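Breakdown of the fold
Spelled out, the chains give:
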Amino acid sequence: MQDLQLLAINLTEKCNMACAHCYLDAKTLKQGAASELGTDEVCELLSQLASRSTQTMVVLTGGEPLLRADLEEMIQHGSGLGLSMVIGTNGTALTEHRVQSLKRAGLLGVGISVDSLQAEKHDQFRGLKGSWAKTMNGIEACRKHGLSFQIHFTVTRRNHHEIKAITEFSHEVGARVLNFFFLVCTGRGKSVQDIDADTYERVLKEIIETQSNYPEMIIRARCAPHFKRIAYQLNPQSNLNKISGMDGDGCTAGIHYARVSPTGTVTACPYIEQGVGTIREQDFWQLWDHAPQFELLRNPVLAGRCGECEFRLLCGGCRARPMTQSGQLMAEDPLCQYVPQNTPPIAAMNTQEFADIVWSDKARLRLDKIPGFLQKMIKQRAEAYVSDLGEHCVTAEHLHLLAARRFGETPAAFLKIARPEDGQS
């Protein structure tokens, strides 16, 4: 069975903003969709997830999820089942009272969108004057009450020069993670002019190089599997750069990730609008296990330059962009400028290469505490990392350093688990 690492649930189309890039094209900003999933339906979905495994991380988002009065009830139900519950929000409604309420319900963390450090520019992009100040207050409320948070920054032509500044800001305010999202033009985002291929390439390189300056913060590119190619080009000798994109570094849509719309439609990701069914008619796991589109994403036959590219096993391109532009899921990614060199594909890392790597008792104990769906990936990365160092034993300190220095799928809980108390093995 295919591991589901992350499920995003769009709880509502209701929102207190009118963001230019909204993939939901949320027109019902006050009322929400007439047939949105109810509390019982969302809780039943969470129960279905937990019936197979409690290792899936669930992101409750919108629209604006904080506008759902039953949000805490759903979080409490999911966390009570043992699921890792987080939310994605614009942050404007994160008052001190609400932050404390979310923590009591069992919320693990929150992703907060910040689109510029210039208040006016952020407010224009979000469609609401004064939103930047409210979001800053929301970040401070999380800091004050110890709720783990990430910063989400959508890269556009208007703000791509702010990479360094938003990274410094995120570090200063204490964000555990900084996610750079690259626009896929769906919904209202169809009217937003995306960055061009040259800028896309340059920004990805800047993000990868920036990570080394902030070892205690995870900096990741989202909806940008090309960073796998760029990371390899910057350091082809690193085994870490040979990990398959399907194992957490590239696009995992339909492979380890899915999304449920406000009305229950299941899609491979928020930007692939074609649904594979609805949870109102079928069990979620039936759709996850057997949907033909998901099977195609798990065993892709890529066309165009993506199909010819020597990086296709490490990258594979974004599948939503060609789907949006041409309706062809397996077509070449139109935002990639790389020209294939007519060489054999670069093989993904073979875990058998590290059969001589051993684990210390403390490192093994920490690995066992990591959610099951992450263990294989973390084990692979740790052994590649130690091999690159010319060493032969994975220690708890290695796990801590790896968690802080790599892009991978690393929930806040893993950072706590992987941090050794004594710095020893």
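To keep things clear, this report deals only with the structure shown in the data block. (Residues numbered from 1 in each chain as written. Predicted model: local features only at pLDDT ≥ 70, side-chain atom pairs only at ≥ 80, totals over all residues. Heavy atoms only, no water.)

1. Observations concerning the overall build of the protein
In plain terms, the rule: By definition, any uninterrupted DSSP run of H or I lasting at least four residues is a helix, any uninterrupted run of E lasting at least two residues is a strand, and each is numbered from the N terminus. Relative accessibility under 20% of the residue-type maximum defines a buried residue, over 50% an exposed one, and the middle range a partly exposed one, all with a 1.4 Å probe and only protein chains included. The accessible surface values rely on the Shrake-Rupley method and a 1.4 Å probe; as for residues, cover is taken only from the protein chains in view.
From N to C terminus, the protein includes 16 helices and 12 strands. For the protein, with 425 residues in total, the buried portion stands at 59%. Accessible surface computed for the protein: about 17,400 Å², of which carbon and sulfur atoms make up 49%.

2. So, the sheet that holds strand β1 (residues 6–10)
Two strands in a sheet stick together by hydrogen bonds in their backbones, pointing the same way (parallel) or opposite ways (antiparallel). This is how it is decided: Only strands joined by at least two bridges in the DSSP assignment are considered to pair.
Here 10 strands make up an open sheet; going across it, the order is β7-β6-β5-β4-β3-β2-β1-β8-β9-β10 and the pairing mixed. The open sheet has two free edges, formed respectively by β7 (218–222) and β10 (277–278), since each of these has just one partner strand. Note that strand β5 (residues 149–155) and strand β6 (residues 177–182) share six bridges and pair parallel. Following the sheet pairing, I151 is matched in β6 by L178.

3. Describing the layout of surface pockets
For clarity, the threshold we go by: Here a cavity denotes grid points, spaced 1 Å and computed from the protein atoms alone, that fit a 1.4 Å probe unable to get out, and a pocket denotes an open set having protein on both sides within 12 Å along at least 5 of 7 lines; residues with an atom within 4 Å of a point are the lining. Grid points are joined across faces, edges and corners, and a volume is the space filled by probe spheres set on the points. Under the grouping applied here, Gly and all other residues not named as nonpolar or charged are polar, the nonpolar ones being Ala, Val, Leu, Ile, Met, Phe, Trp, Tyr, Cys and Pro and the charged ones Asp, Glu, Lys and Arg.
Roughly 270 Å³ of internal volume is contained in the second largest pocket. Residue lining of the second largest pocket: 18 residues in total, with M246, P300, R312, C315 and G316 positioned closest to the centre. Counted by class, the lining of the second largest pocket contains 12 nonpolar, four polar and two charged residues.

Taken by themselves, the reported measurements are silent on function.
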